[in-house]
Amino acid sequence: MKLFLRLSYLGTAYNGYQVQGDQPTVQRELTRACTALFGARCDIVGCSRTDSGVHANMFCVAVSERGTDQLHTSIPADRIPLALNAHLPEDIAVWDACFVSGDFHPRYDVKHKEYVYRIYNSRARSPFERDRAWHYPKHIDDDALARMHEAANYYCGTH
């Protein structure tokens, strides 16, 4: 059995999800935390990659012991999120865990992905939207908004 985790992260401090040399990444932090908690080197496979500075509201990973499709632990799945969060920085949080079959893959067995791109349209910037939305201080008229919605529809569907 593998461990399946659902987590969220603010990507501001990271060079994306996937390990890239010595750069700070979400996967590097998860690997460090899992190794500390489970006492074995772990492989962490994510549902996708993200670019530098990108956040994830719900990101899924599978955890197994290095080179295997299994994770051996006596920790019950419902206690793993709190245990892992004790080893993670505050901008990464695991909020759900369960065990799945050893052949599960979070990228290939996924049923649905959703990406959200946000525009904060206001003359004044908002510190609460910093790093979470693109601030566009000019008025967006109805015609431009309709064209934006039309263009966004090209991203919907299976690709």
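Below or above, wherever it landed, is the structure these notes cover. (Residues numbered from 1 in each chain as written. Predicted model: local features only at pLDDT ≥ 70, side-chain atom pairs only at ≥ 80, totals over all residues. Heavy atoms only, no water.)

Take the side chain of glutamate 65 next. Among the structural elements, glutamate 65 can be located in strand S3 (residues 56-65). Buried charged residue glutamate 65 carries no salt bridge. Nearest counter-charge: arginine 66, at 10 Å. Within the local environment of glutamate 65, its side chain forms a polar contact with the backbone nitrogen of histidine 72, the two atoms lying 2.8 Å apart. The contact partners of glutamate 65, leaving out residues within four places of it in the chain, are Ala40, Arg41, Cys42, Asp43, Gln70, Leu71 and His72. (Helix = DSSP H or I, 4+ residues; strand = E, 2+ residues; numbered from the N terminus. Buried < 20%, exposed > 50% of the residue type's maximum accessible area, 1.4 Å probe, protein only. Lys, Arg positive; Asp, Glu negative; His and termini not counted. Salt bridge = Lys/Arg side-chain N within 4 Å of Asp/Glu carboxyl O. Polar contact = N/O pair within 3.5 Å; in protein donor to acceptor, adjacent residues only side chain to side chain. Contact = heavy atoms within 4.5 Å.)

Following the sequence through the fold, asparagine 15 ends up in the loop between strand S1 (2-9) and helix H1 (26-38). Remark: the alpha-carbon pair of asparagine 15 and serine 52, spanning 37 residues in sequence, is separated by 4.0 Å. In contact with asparagine 15, other than residues within four places in its own chain, are Gln20, Gln23, Pro24, Thr25 and Ser52.

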